[in-house]
Amino acid sequence: MAHWEVDVEVDFFHANSGANRLVSGLFKGKTLVYSDLNHIVLRILPKYASEAGDNAILVSSHIDTVFAAEGAGDCSSCIAVMLELARGISHWGHGFKNAVIFLFNTGEEEGLNGAHSFITQHPWSSTLRMAIDLEAMGVGGKSGIFQTGPDPWAIENFAAVAKYPSGQIIAQDLFTSGAIKSATDFQVYEEIAGLSGLDFAYADNTAVYHTKNDKLKLLKMGSLQHLGDNMLAFLLHAAASSHFSEGKTKEADEKSGDDAAIYFDILGSYMIVYRQRFAKMLYNSVIMQSLLIWATSLLMGGAKTSLAVANCILFGLSLTALLSGIAPPFTEDAARAVNVVHVVNTTGVYGEIQEPSSYVSLFSTTPGELTKEVEQIGEGFVCGREKVSDFVTFTVKYSCWTQNDAGSGWSKSDVPALYVESDIRGDDRITHVSMDTKSSTRWTLAINTEEIEDFRFKDSSDELIPVGDKSSADGWHIIQYSGGKNAPTRFNLTLFWVKNYTQDRNPLLKLRTDVDRLTPAVERVLMKLPPWCSLFGKSTSPHTLAFECE
């Protein structure tokens, strides 16, 4: 039961179709389109502080997980913490000056769609002044801050009140540099909504990320307690404050970069936070000290050389153990990430009849050959680089494939269709294309931006992507679509060609549709998959049945 002076409001929010275009990071050059999403939104605010409804702190995480994982860490653990935080805050919220909104969203794994739909469609989104995102890149460990800002208020106050603060600025630098190929809802809150805040994640045992081993038995209860203790202390402080930043990132960007926060924890007990202007002074003095230390080390080079040699010997012994099989590189609990996909290809030239060809593909994002795996599986697999698979969002150059029983488990009625309805040639060439994805509500379409200057994309009732403001990556603009059971499957695409189009044989459009179905061939492969392997899923990964056409 909540405190009698606290209002608790629950909204079961259904999001309509929308399009998310992020200008940086993992989804640059893409438009993420979604439809038929359902979220749970919980708002807690004091009854007798009318201004609290106009100023809210968002705490967000996602309910969904990838098809290959149980999702205990990513991110059922976050949801559990949020539920307990909501229970605690409902008892102590009568003294708040700001509301706290908990967003349990879906569609995160398919391209941050849940966060985008809430920010752009829910009426409470206009009241947000700060966003806190809870994530997991493993299962367990400390939940540390790896993104914050741009306004430093959140990290400075978190450092002041958190019981066991954890976070390193170097993690933020690595993540924002693109070295880690991932994205979180915090990008939407910062880039689309213009909010400042904090982004947390577990990062222990990252080998289980998005695999079958992201399961409850590996989850450490102390990790949930660690996040809950820190978050509860921060929310009680921030929600009762009348001074936290109300600035949007656009306003913050106008400030000098000297206000950006540098932060790191000391043994998980204290957190040091200071502004960039102080960091510049500190670093200048550190450079001088480093030069002195370096000069001294030249005179004491013997110890340094011995340490380097010892490290090389240790690395050599570890590598030898792996190559000899003494220490296996993968185990059942630290599995190799693989994909098993029944591919049906109908690639051809418009106007020509093309019979579908099909095969089962086995590939891995982990470097190394798959010969040991296919020896155990059997099923007539052949491995090599002769068969390059283009899954639209990425290309597989090394894989194993088989055509055993590849003709069963699907029918021609599942094959998506692209129809040229009209092709108007003149000073400006305009082509109208209709698209039917049949039974698929998860698909990816690539548009050749060397030939197509712009486009418009619609479903039967709404314009999803208007003309203008397009970006591309490697000569393609990619539409990545995910929807619920009631999402549309018929669409219209209007293509506006560049002035000097070449009309060469390069594909103009590439479409991949995914169906969450196990064909007999795939089911047999999965049954024989070695225990040290696990299916792997991301927003760009195909499901177990994929159709391709150009």
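Residues numbered from 1 in each chain as written. Predicted model: local features only at pLDDT ≥ 70, side-chain atom pairs only at ≥ 80, totals over all residues. Heavy atoms only, no water.

Looking at an unreviewed UniProt entry, one finds the protein chain named Vacuolar membrane protease, with Escallonia herrerae as its source organism. Quoted verbatim from the Function (unreviewed entry) heading of the UniProt record, the comment on the protein chain is "May be involved in vacuolar sorting and osmoregulation." (UniProt positions renumbered as here; feature names shortened; annotations may be inferred.)

Draft legend 1. Region of interest: a nonpolar patch on the surface. A grouping of Val8, Val10, Phe12, Ile40 and Ile63 is seen on the molecular surface, where their side chains present a nonpolar patch of about 460 Å² in accessible area. At three residues, the largest contribution of residues to the nonpolar patch is made by strand β1 (residues 6–15). Given a relative accessible area of 42%, Ile63 falls into the partly exposed group. (Patch = residues over 30% accessible without salt bridge, like charges linked within 9 Å, V, L, I, M, F, W, Y side chains within 5 Å. Areas by Shrake-Rupley, 256 points an atom, 1.4 Å probe, with all protein chains shown as cover. Salt bridge = Lys/Arg side-chain N within 4 Å of Asp/Glu carboxyl O. Helix = DSSP H or I, 4+ residues; strand = E, 2+ residues; numbered from the N terminus. Buried < 20%, exposed > 50% of the residue type's maximum accessible area, 1.4 Å probe, protein only.)

Draft legend 2. Quick look at the packing of helix α1 (residues 72–92) against helix α6 (residues 221–239). Two elements in contact, α1 and α6, have axes whose closest approach is 10 Å; the angle formed by their N-to-C orientations is 35°. α1 and α6 meet at a crossing whose hand is right-handed. Two secondary-structure elements touch here, α1 through Ser77, Ala80, Val81, Leu85, Ile89 and Trp92 and α6 through Leu224, Leu227, Gly228, Met231, Leu232, Leu235 and Leu236. Its residues assigned to classes, the contact of α1 with α6 shows 11 nonpolar, two polar and no charged. (Axes fitted to C-alpha atoms, helices over the stretch in contact; angles between N-to-C directions. Left-handed = near helix turned anticlockwise from the far one by under 90°. Contact = heavy atoms within 4.5 Å. Nonpolar A, V, L, I, M, F, W, Y, C, P; charged D, E, K, R; others polar.)

Draft legend 3. Expanded view of the nonpolar core. The biggest cluster of nonpolar side chains holds 48 residues, and the ones touching the most others in it are Phe102, Leu134, Phe200, Met231, Phe234 and Leu235. For this core, the element with the highest residue contribution is α1, accounting for eight residues. Residues within four places of Met231 in sequence aside, it is in contact with Val59, Leu85, Ile132, Leu134 and Phe200. Among the nonpolar cores identified, the runner-up in size contains 26 residues, and Ile101, Phe118, Ala183 and Ala193 belong to it. (Core = buried A, V, L, I, M, F, W, Y, C linked by side-chain atoms within 4.5 Å.)

Draft legend 4. Fine view of the packing of helix α3 (residues 153–161) against α6. Following both chains from N to C, one finds α3 and α6 inclined at 115°, their axes separated by 9 Å at the closest point. For the crossing formed where α3 meets α6, the hand is right-handed. Mapping the contact onto sequence places Trp153, Ala154, Asn157, Phe158 and Val161 in α3 and Asn230, Ala233, Phe234, His237 and Ala238 in α6. In terms of residue class, the contact of α3 with α6 is made up of seven nonpolar, three polar and no charged.

Draft legend 5. Expanded view of the state of the cysteines. Evaluated as defined, the whole model comprises two disulfides. At a sulfur-sulfur separation of 1.9 Å, the disulfide partner of Cys75 is Cys78. Linking Cys75 with Cys78, this pair stays in helix α1, spanning three residues, or about one helical turn. The same class applies to Cys75 and to Cys78, which are both buried. Put simply, Cys383 and Cys400 are joined by a disulfide, and their sulfur atoms are 1.9 Å apart. Note on the Cys383 and Cys400 pair: the S-S dihedral is about 100°, so by sign convention the disulfide is right-handed. Of this pair, Cys383 sits in strand β14 (residues 382–384) while Cys400 sits in strand β17 (residues 399–402), and the two are 17 residues apart along the sequence. On the accessibility criterion, Cys400 (0% relative accessible area) is buried. (Disulfide = S-S within 2.5 Å.)

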